[in-house]
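# A look at the structure
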Amino acid sequence: RLVSDWSSDVCSSDLLIFGRSRAPIQYRQAVKAMRKNDYAAAVKAMDGLIKQEAQEANHYRFRAELYRLWGKLPAARRDYERMLEAARNDPTRAVAYNGLAEVDLQAGKFAQARESARRAFELAPGEWVAAYNLGMIEDRLGDSAAVIASLEEALKVKVPDARHRLLIQLYLLRAHQAQKNAQAA
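Here's what I pulled together on the structure shown here. (Residues numbered from 1 in each chain as written. Predicted model: local features only at pLDDT ≥ 70, side-chain atom pairs only at ≥ 80, totals over all residues. Heavy atoms only, no water.)

## Side note on the overall build of the chain
Each helix and strand in the chain was counted, giving 10 helices and zero strands. Each helix and strand of the chain, ordered N terminal to C terminal, gives the series α-α-α-α-α-α-α-α-α-α. For the chain, the residues scored as buried account for 48% of the 185 residues in total. Taking the contacts inside the chain whose residues are at least 6 apart along the sequence as the reference set, 51% of them involve residues at least 24 apart. Here the chain has roughly 9,600 Å² of accessible surface; of this, 49% comes from carbon and sulfur atoms. (Helix = DSSP H or I, 4+ residues; strand = E, 2+ residues; numbered from the N terminus. Buried < 20%, exposed > 50% of the residue type's maximum accessible area, 1.4 Å probe, protein only. Contact = heavy atoms within 4.5 Å. Areas by Shrake-Rupley, 256 points an atom, 1.4 Å probe, with all protein chains shown as cover.)

## Things to note about the packing of aromatic side chains
Tallying each qualifying case throughout the model produces three aromatic pairs. Between Y27 and F62, the ring centres sit 5.2 Å apart and the planes meet at 45°, which makes this aromatic pair tilted. Of this pair, Y27 sits in helix α2 (residues 25-35) while F62 sits in helix α4 (residues 57-70), placing them 35 residues apart in sequence. Note on accessibility: Y27 and F62 belong to one class, buried. Seen in terms of ring centroids, Y67 and W70 are 6.2 Å apart; in terms of plane orientation they differ by 0°. Their pairing is stacked. Of this pair, Y67 and W70 both sit in helix α4, three residues apart, which is roughly one turn of that helix. The exposure class assigned to Y67 is buried, which follows from its relative accessible area of 14%. Judged by its relative accessible area of 34%, W70 is partly exposed. Residue placement shows K72 over the ring face of W70; its charged tip is 4.8 Å from the ring centre. (Phe/Tyr/Trp six-rings, centres within 6.5 Å; stacked < 30°, edge-to-face > 60°. Lys NZ or Arg CZ within 6 Å of the ring centre and 35° of its normal.)

As structure tokens, this is what we get:
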């Protein structure tokens, strides 16, 4: 699974979802329904909020993630594309492209996923998640040199989570082994 959240300032909906007193009722309803695996109700809750605040990019992001969990990939893709249209800055656009990469990855469309991941990385070159996700996609495409380049970029930025640092090392090992470079591995 790809990592989709990389910056609290980019993903303000996280505050809306988990900050009890400031969360719009629709987010609370959607989260409650999602926890019960009632994705139809979760999406319906977000539909109302999106009708009220159609230019809020993070509403589309959250609904797209609900659609992805539900397995409705075309709907998730549409919402990430709407998020792109509503985005007011490059970090938000990067999150949208990352979401598109995840949808394509989930659908097995690795070449398309790579293009979206590259766009996310171009828009957020200092974010480890963008480089990490690109590396994971390159691994699925069997491009060891690209895996190494992307994951080394991720390591240049502080990766806060030990689990992801270990995964990066594992995938670097695999890529170096694929290139028959035992010393680097």
